[in-house]
Structures are given as C-alpha cells and as structure tokens.
Amino acid sequence: MADSLDFNYTSPLAGYENAPPLPDERTDDGKSYVNIQTGVKSVAYERFIEPLDNGRRGGFDIHVYYFQNNPQQTQYARELWERIRREFPELRIYTFWDRPIGPHPVAMFEVNLFTPAQFGAFIPWLAIWRGPLSVLVHPNTTHEDDVTHELERELKNHTERAIWLGERIPLDVGRFKSLVAAFRRAESNKGE
C-alpha cells in the first residue's frame, strides 16, 4: 500500500476561488442542500476529466479477481467474463488469467472503460453481478505535470486513486515502488 503522504493533492476547489457562497437552504427532504443551478452540466458527463486518458488506454481499468484454487469462484468468474463479453461487446475485455500476473496477487480478468457513459452503465451493473468476486477499478492517467514519472502515476493509480468493489485485495506494488526509487535515484544523480 502506498503512503498517502507520498502524494501531493491539488485543492478540489481550484478554479472556484471567486465563486459566490453556496446557500445554506435545504430541500424539501430536510437533508440535502439546494445547489446553485447554472444550466450547464459538468463536462465530466461527456468525457473523462484530465488527467484521465480519453485515448487508446481508456479512462479506467477494471480488474475482476477470483481465487484460482476455488472451483466455485473460478466458475463464477468465467461465467461473468462471458456475460460481460455478451452484454458489453463495445468494451475491451482481456484474457481470463488462471494465475496471478503483474501486481495482481490472484487470478483475474480485465475490462477497459473509454467513456463516462460506459463507466456509468458498467460499474453499477458490476456492483450487482460481481457476486463473490473482488473488483479493482483504477484510473489510467496521462502526463499530469513535468515531474511525475509514468511509474509514479501507475503506482498512484493502483493505490491512492483505486476504487474497490467487494473485499480489497492487497496488490504487490513492490515492483512499482522499486522502479520509482531507481528512477528517483537516477534523476538525482543527473544533477550532480
């Protein structure tokens, strides 16, 4: 697991510094607030916000995990994989792995999402149909700034920015961390 202190966060209110105060008025339900209506929806309804990848990789990877030594989970995962291919043929669906691969400590298959509409349709569907399986939803980000290396982005995407459905499965991020450390050492040696 990555330490949250390893990352810097931009304020979520960046760009709204001069916005008028929000009203304290409540709606009829007495619980939720009345929001200022501008008549303009967020661009996030149409395309993924930066730095999410709106290109070839897609904005999100979905990893559906199953314990490969558990026959019931293996069967359910294979049936889910087939169902996704039939119900969501527009999505990119990868190999049904029967063993751990990369930082993924158990068997899994992967699905890519390319639009907010796909995300909005597939994630609620998967919340219902994932059954006994755990699911990692992580963003794919593009170049965010001039100092963050691709490996650091991947580490952050798989840890700090990860969303889980079901039980969280600890990823083996040791390789990410060692490669990031080697990159940082090489960068600091350039300055000497």
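Worth saying up front: this structure is predicted, and the values here are computed from it rather than measured.

J.: What is the right way to read the nonpolar core from this model?
T.: The nonpolar side chains of a soluble globular protein tend to be buried with one another. Core analysis: the largest hydrophobic core is formed by 25 residues, its most contacted members being Ile62, Ile84, Phe122 and Leu126. Where this core is concerned, the elements lending two or more residues are strand E1 (60–66), helix H1 (71–87), strand E3 (107–113), helix H2 (116–129) and strand E4 (134–139). Here Ile62 is in contact with Phe109, Glu110, Val111, Leu113, Phe122, Ile123, Leu126, Val135, Leu136 and Val137, once residues within four sequence places are set aside. One finds Tyr65, Met108, Ala162 and Leu171 within the second-largest nonpolar core, a separate group that totals 11 residues.

J.: Teacher, can you tell me more about the sheet that holds strand E2 (residues 92–93) here?
T.: Neighbouring strands of a sheet are bound in pairs by backbone hydrogen bonds; such pairs are parallel or else antiparallel. Overall, antiparallel pairing links the 5 strands, which are arranged E2-E3-E1-E4-E5 in an open sheet. Only two strands of the sheet have a single partner each, and these edge strands are E2 and strand E5 (163–165). In this sheet, E4 lies alongside E1 in antiparallel orientation, the contact comprising 6 bridges. Within E4, the residue paired with His63 across the bridge is Leu136.

J.: Looking at this structure, how should I read H1?
T.: For an α-helix, 3.6 residues make a turn, and residues three or four places apart therefore share a direction. Relative to the 24 Å expected for 17 residues at 1.5 Å per residue, H1 spans 24 Å between its end C-alpha atoms, a close match to the ideal helical length. Those residues of H1 not exposed but buried are Gln73, Ala77, Leu80, Trp81 and Ile84. Considered in projection along H1, the buried side chains sweep an arc of 105° and stay on one side of the axis. Those residues of H1 that are exposed and aimed more than 90 degrees away from the buried face are Pro71, Gln72 and Arg86. Considering only its buried residues, H1 is in contact with E1, E2, E3 and H2. Where H1 begins, one side-chain oxygen reaches toward the backbone nitrogen of Gln72, 3.0 Å away; that side chain belongs to Asn70.

What counts and what doesn't
Residues numbered from 1 in each chain as written. Predicted model: local features only at pLDDT ≥ 70, side-chain atom pairs only at ≥ 80, totals over all residues. Heavy atoms only, no water. Core = buried A, V, L, I, M, F, W, Y, C linked by side-chain atoms within 4.5 Å. Buried < 20%, exposed > 50% of the residue type's maximum accessible area, 1.4 Å probe, protein only. Helix = DSSP H or I, 4+ residues; strand = E, 2+ residues; numbered from the N terminus. Contact = heavy atoms within 4.5 Å. Pairing = 2+ DSSP bridges. Expected span 1.5 Å × (residues − 1). Arc of directions from axis to C-beta. Polar contact = N/O pair within 3.5 Å; in protein donor to acceptor, adjacent residues only side chain to side chain.

Any functional reading would require information beyond the geometric quantities listed.
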